[in-house]
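As a plain string of letters, each chain reads:
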Amino acid sequence: MWKWLHPYAKSESAYQLCKTLLPWFAWSSVLTLFVGTLWGLAFAPADYQQGDSFRIIYIHVPSAILSMGAYSAMAIAAFVGMVWQIRTSYMAMMAIAPVGAMMTFIALFTGAAWGKPMWGTWWVWDARLTSELVLLFLYLGVISLYKAFDDKVQAGKAASVMALVGVINLPIIHYSVEWWNTLHQGATISKFERPSIASEMLWPLLINLLGASLLVGALSIKRLQNELLRREIHRPWAVKTLIKESKA
Amino acid sequence: MTFQFESWQAFWQMGGYGFYVWLAFGVSLLAVLALVYESIWTKQQLIKAVNAQIARKQRIKQAKMQSNKQTESTTEHDKSEQEVGRA
């Protein structure tokens, strides 16, 4: 049933697929992030309690959701790599890791910049904030573990185990605002009932969420291409591709 | 949909939260740009590496050809010495 997928594990076809997909992801992410951010910053109404400081939500929430989304994607790649012994899957895992780490950093930083005027502090050791910080360390751990091995198959296996064990942190982050009494507010848009946010405020948020997903996709694709070329730099297809693309 | 601020100045001030709002947006933009830049830079490094690899292969080829010539000439030289010794 999944047989048609297998040829894409071959490095050369994976590279070609990435090459086809990249411009679509890159340009659509630029467009959606531009529209969503402009709308959120200038045209969405100010919050009745938080004034204009709430506009940080337009990057804080998408980046926080994507920090977990990217981790899930990375863990799926790790799982596929471990179960079916597909090298390309390990490369995908390592392509996603820095992108997820960047999203986590953005979520933490914008959270701090929002927390200072609203809570009066940049940081508290609250359940939501701490578990999100642990997520950042998990990303950095996966990256460093992979870099610590010279044999990249061993490296992929070790980093995969760490990525898969770290999945336990995702539900902890998500439910942290319910399980513990925290300073962080509860869920706003990821609720099963109607989201508790006005639609004029919600639209730009959803657009930016889409934009951030496309951005994670675009960067991961680009980094997977780099990883494929780096690992196979002695193979004829990679040499040919690099020479061709250096002339273009 | 209307512009929510009375003037550009008000827009930059963000109702007094300007510092925090622009700090958050600015640092996020920088983080994204840094990763985009790093991804493009890595590709450039790979292109450099592959060119170096090709140059190295050519140097090895040339060196081999030269050393082959040299060994040929020395063996000829040895032969002639042996011949001289025999004579």
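Residues numbered from 1 in each chain as written. Chains lettered and ligands numbered in written order. Predicted model: local features only at pLDDT ≥ 70, side-chain atom pairs only at ≥ 80, totals over all residues.

### Section: the overall build of chain A
Here is step 1: Scanning chain A for helices and strands turns up eight helices and zero strands.
Here is step 2: In chain A, the order of α-helices and β-strands from amino to carboxyl end is α-α-α-α-α-α-α-α.
Here is step 3: The C-alpha radius of gyration computed for chain A amounts to 20 Å, which stays within 12% of the reference 18 Å derived for 248 residues, consistent with globular compactness.
Here is step 4: Based on the C-alpha atoms only, the size of chain A along its principal axes is roughly 60 × 35 × 35 Å.
Here is step 5: In chain A, which comprises 248 residues, the share counted as buried stands at 43%.
Here is step 6: Taking as baseline every contact in chain A between residues at least 6 positions apart, the subset at least 24 positions apart corresponds to 76%. (Helix = DSSP H or I, 4+ residues; strand = E, 2+ residues; numbered from the N terminus. Rg over C-alpha atoms; globule rule 2.2 N^0.38 Å. Buried ≥ 20, exposed ≤ 12 C-beta atoms within 10 Å, placed from the backbone. Contact = placed C-beta atoms within 7 Å.)

### Section: the overall build of chain B
Here is step 1: Secondary structure summary: chain B contains two helices and zero strands in total.
Here is step 2: The buried share of chain B, taken over its 87 residues, is 13%.

### Regarding the interface of chain B and chain A
Here is step 1: On the chain A side, the residues contacting the 28 residues of chain B number 33 residues.
Here is step 2: In terms of residue count, helix H2 (residues 18–86) of chain B provides more of the side of chain B that touches chain A than any other element does, 19 residues in total.
Here is step 3: Residue composition of the side of chain B that touches chain A, grouped by class: 20 nonpolar, seven polar and one charged. (Nonpolar A, V, L, I, M, F, W, Y, C, P; charged D, E, K, R; others polar.)

### What to know about helix H2 (residues 57–84) of chain A
Here is step 1: Helix length check: H2(A) (28 residues) gives 40 Å between terminal C-alpha atoms against 40 Å at 1.5 Å per residue, within 8%.
Here is step 2: Looking at the residues trailing H2(A), positive phi occurs at A:Gln85, about 55°. (Expected span 1.5 Å × (residues − 1).)

### Looking at the UniProt feature "transmembrane region" (unreviewed entry) in chain A
Residue and element names in this part refer to chain A.
Here is step 1: Cross-referencing UniProt, the feature "transmembrane region" (unreviewed entry) maps to residues 21–44, 56–80, 92–115, 127–146, 158–177 and 201–221 in the present numbering.
Here is step 2: What you have in residues 56–80 is 96% helix and 0% strand, and the ends, taken at the C-alpha atoms, are 36 Å apart.
Here is step 3: Taken end to end, residues 158–177 has its terminal C-alpha atoms 32 Å apart, with 85% of it in helix and 0% in strand. (UniProt positions renumbered as here; feature names shortened; annotations may be inferred.)

### Notes on the UniProt feature "domain: Cytochrome c assembly protein" (unreviewed entry) in chain A
Here is step 1: Within this numbering scheme, the UniProt entry marks residues 6–184 of chain A as carrying the feature "domain: Cytochrome c assembly protein" (unreviewed entry).
Here is step 2: Along residues 6–184 of chain A one finds 79% helix and 0% strand; the C-alpha atoms at either end are 44 Å apart.

### Description of unusual backbone geometry
Here is step 1: Its identity as a non-glycine residue notwithstanding, A:Gln85 has a phi of 55°, on the positive side.
Here is step 2: Look at B:Met14: it is not a glycine, yet its phi comes out positive at around 55°.

### With respect to the environment of A:Phe25
Residue and element names in this part refer to chain A.
Here is step 1: Looking at where phenylalanine 25 falls in the secondary structure, it is placed in helix H1 (residues 11–43).
Here is step 2: On a C-alpha basis, the gap between phenylalanine 25 and tryptophan 125 in space is 36 Å, while along the polypeptide they are 100 residues apart.
Here is step 3: Not counting residues up to four positions away in its chain, the partners in contact with phenylalanine 25 are Leu214, Gly217, Ala218 and Ile221.

### Section: helix H8 (residues 236–247) of chain A
Every α-helical turn comprises 3.6 residues, leaving residues that sit three or four positions apart pointing alike.
Residues and elements named next belong to chain A.
Here is step 1: Taking 1.5 Å of rise per residue, 12 residues should cover 16 Å, and H8 covers 17 Å from first to last C-alpha, within 8% of that figure.
Here is step 2: Looking only at H8, the buried set comprises Ala238, Thr241 and Leu242. The arc enclosing the buried residues of H8, seen along the axis, measures out at 95°, which places them on a common side. Facing away from the buried side of H8 by more than 90 degrees, the exposed set consists of Pro236, Lys240, Lys244 and Lys247. (Arc of directions from axis to C-beta.)

### Observations concerning the nonpolar core
Here is step 1: In this structure, A:Ile56, A:Ala70, A:Met74, A:Met93 and A:Ile96 are the most contacted members of the largest nonpolar core, which totals 73 residues.
Here is step 2: Of all elements in the fold, only H1, H2, helix H3 (87–119), helix H4 (127–148), helix H5 (152–165), helix H7 (199–231) and H8 of chain A together with H2 of chain B reach the threshold of two or more residues within this core.
Here is step 3: Ranked by the residues each element gives to this core, the list is headed by H3(A), at 19 residues.
Here is step 4: In this structure, A:Ala70 is in contact with A:Ile96, A:Val99, A:Gly100, A:Met103 and A:Val216, ignoring residues within four places of it in sequence. (Core = buried A, V, L, I, M, F, W, Y, C linked by C-beta atoms within 7 Å.)

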